[in-house]
Each structure stands twice: as C-alpha cells, then as structure tokens.
Amino acid sequence: MPQRRPLLAAALALPALLRPGTARAQEVTLRLHHFLPAVSNVHRFFIMPWVQKVQAESGGRIRIQVFPAMQLGGAPPQLYDQARDGVADIVWTLPGNTPGRFPRIEVFELPFVAHRRAAVNVQAVQALYEREMRQEFAETQIITAWGHDAGVIHTRREVRRMEDLGGLKLRFPTRQTGEALRALGAAPVGMPVPQIPEALSQGVIDGAVVPWEVVPSIRLHEMAKFHTEITGSPTLYIATFVLAMNKAKYEGLPADLRAVIDANSGMAAARMAARPWDEEGPKVEEMVRKRGNTIVELSEEERNRWQRQTAPVIDAWVAAMKERTIDGGKLLEEARALVAQYGQGAG
C-alpha cells in the first residue's frame, strides 16, 4: 500500500483539463468563401456582421475566417460545390451561377415577379425555400436564402425605351434575366460579377445589369455612364443567393454551437441580408448621381410595355418546369403571394 501513494498523489496533481468532465469546451474554426472583394457592401454590411454575431454568441468558440474575392481558389460557379465538398465550410453564392441546377428558386428571378425592395424579397425567398426548396439544396446546410432589390441596367448609351436595348450586349446574372433581356431585344451575355470590368474594357459587353450596391466594388460607374432604373413593383429582375454550409461540418458541431448557427439562420439571417441593398444601395445611387452620370427612371407606360413583352418568359419557364415534374404554376402563385404579403406597406 505505501508504494501506491506517490502514484495517487501524481494522479491528483494532473491538470484539471485532463480530468473527465472538465475538458475545455470545443472550439471550431470555419472558413467562409465568397466572390466579391472585401470592399464590397455585402461583405462589409452583411457577411462580416453575421460572422461577428456568430462568434460573439458562441463566446468565441466559433471562429470564422472570411476569404473574399475567391481567395481559396476556383471560380464563382464552383462555390456551391466547394461547400458541398468541404473545400470551404461556408460559401455565399448565386444559384444562378449554375443554370438549371436549382430550378425552383428561379421563380423569383422571372421578370416582374419580385419586389423593388430587398427587405421584401429576402423574406419571400427564405419563406418559399422553407416550404418548397429544402430538397433542392439537400447536399448542403442552407443557412439562409434571399434575393436583392431591383436590379439596374448600366450601359454606355442611354436606355429610355425598349428599342434602345436593341443589340446591346448586356451581362446578366441568371438565365431567366437573360431570357427577359433577350425578349426585350438585347443580346444577353452571362458571366459572374467579378468578370464585368474586364469584359467592359475589352468590349465584350456594352453594359451590365446589377443592383446599385455592387457598383463601386467593380467600378462600374466609371465605365458605364448611363443607368436605367425600373421603377415600381414588381420589378424587372432580381438575383437570388444562398449562404450554404458543408453538411458534415454543420452536423459535426457540438450541440450548443450548432444552436448558435441555427439561431443565426433562416429568417433572422435573411433580414440581416437586406441591409447592403436597401440601406447602402441608395447611397451608391446618390454618389453616382453627384458624379454626373445619367440616371433614367423608366416611365410607367414603358415599364408596362416591358412587362407585356417579357410575359412569354414566364410561360416558357412554367412549361419547362412541367417537363421536370415541377409545378411551376404553383411556385409562381406562392412566390407572388409571399411578395405581396411581405410587401404590404413596403412602398
């Protein structure tokens, strides 16, 4: 017995961290990857505030490293698969970067379906995602899905009427926006946002359709001096987005840390996402106006012409969805109802 006392004393002297039940709470580092530079409004006013909120609410046990401007490699259309495959833990991306892969969310990208304000669209997209789209994105854990505000047409020549679009090579973000531009007489060219400056400088495109908030980060206002706003709601187009997380990484989190992610997912995160567009977008517009660029507001009569001209794009999408055994008509009805619901009093 006396010989065992030194061993017992040594055991009692072991650091508390090594004793059962007293191990230090697990810490996790996540890598978030996206396609815009760190100066962009979405990075500054949505991604970083969301990251900081998650880190704070986890007591610092979740650390999120943000890699903007495709710093982890690859191209923007590969972002969703990077989340699926674990190249990144979380990504911000556009479903429209991979045309046809996520057909249901396209309903909000159809012409004259979405609202002019992001605050409405973020809620409508997230609500329909929860109802109808979970299976479509089942390869990842979707933190939130949302849409931006009314997109603007930025060109090197003035666009006041449909005829002014004739032959203009315009960058588009999603295939449905591309079809709408084609119906209006333009020559749509698909490409991710980061490619716009080079394409404009080389004459590959004559302009681009993007929301106001992204304009300064790609210096679009310096290359395209004319900007056409589609006033009123519904608006010509929006693009949709997802914040997607690697499913195994999410499921492998300790329960309390998973709860932190959950508390900052869904509608709570979607509402945070509205800020870059609804709050920062008008500031960009005012900056562009003061710079001396020409901003055109489409007349109501002209807007109605555009809506009639693009109506066949919606019909074609509903027919294409039917071929994929998806009830596009029902999705369209739900999307419009949600936009109307969340748009009450939004102006």
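This text follows the structure it describes.
Calculation rules
- Residues numbered from 1 in each chain as written.
- Predicted model: local features only at pLDDT ≥ 70, side-chain atom pairs only at ≥ 80, totals over all residues.
- Heavy atoms only, no water.
- Salt bridge = Lys/Arg side-chain N within 4 Å of Asp/Glu carboxyl O.
- Helix = DSSP H or I, 4+ residues; strand = E, 2+ residues; numbered from the N terminus.
- Buried < 20%, exposed > 50% of the residue type's maximum accessible area, 1.4 Å probe, protein only.
- Core = buried A, V, L, I, M, F, W, Y, C linked by side-chain atoms within 4.5 Å.
- Pairing = 2+ DSSP bridges.
- Axes fitted to C-alpha atoms, helices over the stretch in contact; angles between N-to-C directions.
- Contact = heavy atoms within 4.5 Å.
- Phe/Tyr/Trp six-rings, centres within 6.5 Å; stacked < 30°, edge-to-face > 60°.

Asker: So what exactly am I meant to see when it comes to the pattern of salt bridges here?
Answerer: Oppositely charged side chains are able to pair whenever their charged atoms sit close together. Scanning the entire structure with this criterion turns up 23 salt bridges. Residue arginine 131 pairs with glutamate 334 through a salt bridge whose shortest N-O separation is 3.1 Å. Note that arginine 131 is positioned in helix α4 (residues 118-133) and glutamate 334 in helix α13 (residues 328-343), a separation of 203 residues in sequence. Taking relative accessible area as the criterion, glutamate 334 reaches 13% and is therefore assigned buried. A salt bridge links arginine 289 to glutamate 285; the shortest N-O distance between them is 2.9 Å. Of this pair, arginine 289 and glutamate 285 both sit in helix α11 (residues 275-291), four residues apart, roughly one helical turn. Arginine 289 sits in the partly exposed class, given a relative accessible area of 39%. For glutamate 285, a relative accessible area of 17% translates into the label buried. Members of the salt-bridge network, linked through shared partners, are Asp81, Arg84, Asp85, Arg101 and Glu139.

Asker: Quick question: what am I supposed to make of the nonpolar core here?
Answerer: Buried together is how nonpolar side chains tend to be arranged in soluble globular proteins. Judged by nonpolar contacts, the single largest core of 90 residues is most densely connected at Trp50, Phe108 and Ile196. Within the second largest apolar cluster, 18 residues are counted, among which are Met162, Leu170, Ala186 and Leu236.

Asker: What is the right way to read the sheet that holds strand β6 (residues 169-172) from this model?
Answerer: In spatial order, the strands read β7-β6-β8-β5-β9-β11; together these six strands make up an open sheet with mixed pairing. Edge positions in the open sheet fall to β7 (187-190) and β11 (294-297), since each of these has one partner strand only. The average angle at which neighbouring strand axes cross in this sheet is 25°, direction not considered. Across four bridges, β6 lies against β7 in parallel orientation. Bridging from a neighbouring strand, lysine 169 pairs with alanine 187 of β7. Of the strands in this sheet, β6, β7 and β8 (207-210) are in contact with helix α5 (residues 175-183), which crosses β6 at around 155°.

Asker: What exactly am I supposed to notice about α5 here?
Answerer: Because each turn of an α-helix spans 3.6 residues, side chains separated by three or four positions end up pointing in the same direction. If you check which residues of α5 are buried, you get Gln176, Thr177, Gly178, Ala180 and Leu181. Packed against the buried residues of α5 are β6, β7, β8 and α12 (300-323). Note on α5: the residue one or two positions beyond its end, glycine 185, has a positive phi of about 105°.

Asker: Help me understand the sheet that holds strand β10 (residues 240-246), please; the structure alone is not making it clear to me.
Answerer: Sheet strands pair via backbone hydrogen bonds, and the direction of the pair is either parallel or antiparallel. The five strands are arranged β2-β1-β3-β10-β4 in an open sheet whose pairing can be described as mixed. Since the sheet does not close on itself, it has two edges, and those belong to β2 (62-67) and β4 (140-147), each with one partner. Neighbour-to-neighbour, the strand axes of this sheet turn through a mean angle of 20°, independent of strand direction. As paired strands, β4 and β10 are joined by seven bridges and run antiparallel to one another. Bridge assignment links alanine 145 to a residue of β10, and that residue is valine 242. Here α4 sits on the sheet in contact with β4 and β10, set at roughly 145° to β4.

Asker: Looking at this model, I keep getting lost on the packing of aromatic side chains. Mind explaining?
Answerer: Each aromatic ring pair is characterised by the separation of its centres together with the angle its planes make. By the definition in use, this model includes nine aromatic pairs. Measuring from centroid to centroid gives 4.4 Å for phenylalanine 35 and tryptophan 92, while their planes differ by 35°, and the two rings are tilted. Note that phenylalanine 35 is positioned in the loop between β1 (28-33) and α2 (41-57) and tryptophan 92 in strand β3 (residues 90-93), a separation of 57 residues in sequence. There is no split in this pair, since phenylalanine 35 and tryptophan 92 are both buried. Summarising the aromatic geometry, the rings of phenylalanine 46 and tryptophan 146 are spaced 5.2 Å apart at their centres and angled 70° between planes, so their arrangement reads as edge-to-face. Placement of the pair is phenylalanine 46 in helix α2 and tryptophan 146 in strand β4, with a sequence separation of 100 residues. Each member of the pair, phenylalanine 46 as well as tryptophan 146, carries the same accessibility label: buried. Grouped by ring-pair contacts, the aromatic residues Phe35, Phe46, Trp92, Trp146, Phe241 and Trp277 constitute a single cluster.

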